[in-house]
Amino acid sequence: MHSFNLYLKLDESFICIFTFSAEAFFFAGCTTVLILVISARFMLKKKTPGDPLFYVYALYAFLSVVNLIIGLEQDNIIDGFVTFYLKEADPHINTAHGHMISYWDGCVHYLMYLLMIAAITWGDSYRAIGLYWVGSFLMRAIVYILGNAVGKYTKNNGMLLDGLYRGAHTPRAGLVHRPLDLLFIIYLIPALAFCIFRGLVVLDCSSKWCQDYTQQYEPYLKDPSAYPKVQMLVSMLYSGPYYIITLYGLLVPGCEWMPDLTLVHSGALAQAQFSHIGASLHTRTPFSYRVPAGIQPVFLLVNVLYTLVPQALCYRCCSRPAFFLRPPLEKKKE
């Protein structure tokens, strides 16, 4: 009996230590940053990096790890590391959308930061990764801010803004000689219709199609947290014009802005779709707003295709930009 009581006391002490040790968590964070700095100095052989963003990305890499820990603890994969923070944090962090944001930031953004840090260290360009990150970050920030402003967590805004952020000329071939671009053009038309349609759904369109779609395919669009509603509205206002501009860029040669535009949009769409798909199926979402089990294969197929094709388009534009480059003679005339 005495040993049992002792075990209980030890167990309670263990829980208290991990639950309320804000100081220990802060110490661990400072230690991590210190290790990053020492490692960077070792890699650079005591040479100070000239780009000040090196230190910004190093700090954000640490914050991404913190977000990953938060996501893991929210899903009870680990326990006791950030309990004190979750009790006092913005309620947004405890929603299904907040879970997906934590995982996205802890995995994808973390990888981007490491790649940009490595590029700065080796003196390489990180412009493409930076543009992809900018799109992802802006989509996350816009949905977070507007979702807090209009959703059920309006009174608990606590908004924190995180921080910001070719080849030679060849003959212009027609679409007949560019079958891949033709496929992208065919895709862009239904993609435009899909993003407008979902925007109308969250605007409570009275059409029977919209109502049936909400009930049978994506009930999460009506979740009272308002994040899915804001997500669809931002996508309609952001992706809709993008699809129209991209159609023009694929049809008319010399649109030099196409690679950069596709990088920003593909980053934003990847972040948005990851959060939307994950939150639609997450157990933190009330059962009545989750995707019905029988419809999940169709839901996943449509949304995964809607996510991956823009990534493929981005790769095509960045890896083979010749069609989007203007002839040298045109530049001289300007």
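Our structure is the block above this text.
Residues numbered from 1 in each chain as written. Predicted model: local features only at pLDDT ≥ 70, side-chain atom pairs only at ≥ 80, totals over all residues. Heavy atoms only, no water.

Caption draft 1: Focus on the side chain of Thr-262. Topologically, Thr-262 is positioned in helix H10 (residues 258-281). Within polar-contact distance, the side chain of Thr-262 engages the backbone oxygen of Pro-259 at 2.8 Å. Sequence-distant contacts of Thr-262, that is, excluding residues within four places in its chain, are made with Tyr-242, Leu-313, Cys-314, Cys-317 and Cys-318. (Helix = DSSP H or I, 4+ residues; strand = E, 2+ residues; numbered from the N terminus. Polar contact = N/O pair within 3.5 Å; in protein donor to acceptor, adjacent residues only side chain to side chain. Contact = heavy atoms within 4.5 Å.)

Caption draft 2: Seen up close, the packing of helix H7 (residues 179-202) against helix H8 (residues 208-216). It is at 9 Å that the axes of H7 and H8 come closest, and there the two elements cross at 85°. Taken as axis vectors, H7 and H8 run roughly perpendicular relative to one another. Along the contact surface, H7 presents Phe-194, Phe-197, Arg-198, Leu-200 and Val-201, while H8 presents Trp-209, Cys-210, Tyr-213 and Thr-214. Of the residues belonging to the contact of H7 with H8, the class tally is seven nonpolar, one polar and one charged. (Axes fitted to C-alpha atoms, helices over the stretch in contact; angles between N-to-C directions. Parallel < 35°, antiparallel > 145°, perpendicular 65-115°, else oblique. Nonpolar A, V, L, I, M, F, W, Y, C, P; charged D, E, K, R; others polar.)

Caption draft 3: Inspection of the side chain of Ser-266 at higher detail. Topologically, Ser-266 is positioned in helix H10. The exposure class assigned to Ser-266 is buried, which follows from its relative accessible area of 1%. At 2.7 Å, the side chain of Ser-266 and the backbone oxygen of Thr-262 are in polar contact. (Buried < 20%, exposed > 50% of the residue type's maximum accessible area, 1.4 Å probe, protein only.)

Caption draft 4: Main features of the packing of aromatic side chains. Taken as a whole and judged by the stated rule, the model has 13 aromatic pairs. On the basis of an interplanar angle of 50° and a centroid distance of 5.7 Å, the ring pair of Tyr-60 and Tyr-113 is categorised as tilted. Here Tyr-60 is found in helix H3 (residues 53-74), whereas its partner Tyr-113 is found in helix H5 (residues 96-122), with 53 residues between them in sequence. Within the aromatic cluster, the residues linked to one another by ring pairs are Tyr-57, Tyr-60, Tyr-113, Tyr-126, Trp-133 and Phe-137. When the ring centre of Phe-323 is taken as origin, the NZ or CZ atom of Arg-178, which lies over that ring, is 3.9 Å away. (Phe/Tyr/Trp six-rings, centres within 6.5 Å; stacked < 30°, edge-to-face > 60°. Lys NZ or Arg CZ within 6 Å of the ring centre and 35° of its normal.)

Caption draft 5: Expanded view of a nonpolar patch on the surface. On the surface, Leu-180, Leu-182, Leu-183 and Ile-186 cluster together into a nonpolar patch covering about 350 Å² of accessible area. The residue Leu-180 is located in helix H7 in this model. (Patch = residues over 30% accessible without salt bridge, like charges linked within 9 Å, V, L, I, M, F, W, Y side chains within 5 Å. Areas by Shrake-Rupley, 256 points an atom, 1.4 Å probe, with all protein chains shown as cover. Salt bridge = Lys/Arg side-chain N within 4 Å of Asp/Glu carboxyl O.)

Caption draft 6: Summary view of the packing of H7 against helix H11 (residues 296-319). Interaxial distance between H7 and H11 falls to 11 Å at its minimum, and their mutual angle equals 135°. Regarding the angle of H7 to H11, the classification is oblique. Here the hand of the crossing between H7 and H11 comes out left-handed. Between H7 and H11, the residues in contact are Leu-180, Asp-181, Phe-184, Tyr-187, Ala-191, Phe-194, Cys-195 and Arg-198 and Val-302, Asn-303, Leu-305, Tyr-306, Val-309, Pro-310, Ala-312, Leu-313 and Arg-316, respectively. (Left-handed = near helix turned anticlockwise from the far one by under 90°.)

Caption draft 7: Quick look at the nonpolar core. Membership of the largest hydrophobic core comes to 27 residues, with the highest contact counts inside it found for Tyr-243, Leu-250 and Tyr-306. Within the residue set of this core, elements represented by two or more residues are H7, H8, helix H9 (227-251), H10 and H11. Considering each element in turn, this core owes the most residues, 11 residues, to H7. Not counting residues up to four positions away in its chain, the partners in contact with Tyr-243 are Tyr-187, Leu-188, Ala-191, Leu-192, Cys-195, His-265, Leu-269 and Tyr-306. If you look at the next biggest cluster of nonpolar residues, it comprises 24 residues, including Met-116, Ile-120, Ala-141 and Ala-270. (Core = buried A, V, L, I, M, F, W, Y, C linked by side-chain atoms within 4.5 Å.)

Caption draft 8: The arrangement of the pattern of salt bridges in detail. Using the criterion set out here, one finds seven salt bridges in the structure. Residue Asp-105 pairs with Arg-140 through a salt bridge whose shortest N-O separation is 3.5 Å. Pair noted here: Asp-105 is in helix H5 and Arg-140 is in helix H6 (residues 127-150), with a separation of 35 residues, a long-range link. Accessibility expressed as a relative area gives 4% for Asp-105, which makes it buried. Using a relative accessible area of 16% as the deciding quantity, one classes Arg-140 as buried. In this structure, Asp-181 engages Arg-316 in a salt bridge whose closest nitrogen and oxygen atoms are separated by 2.6 Å. One end of the pair, Asp-181, is in helix H7; the other, Arg-316, is in helix H11, and 135 residues separate them in sequence. For the pair Asp-181 and Arg-316, a shared accessibility class is recorded, and that class is buried. Taken together, the shared-partner salt bridges connect Arg-178, Asp-181 and Arg-316 into one network.

Nothing here speaks to function; it is all geometry.
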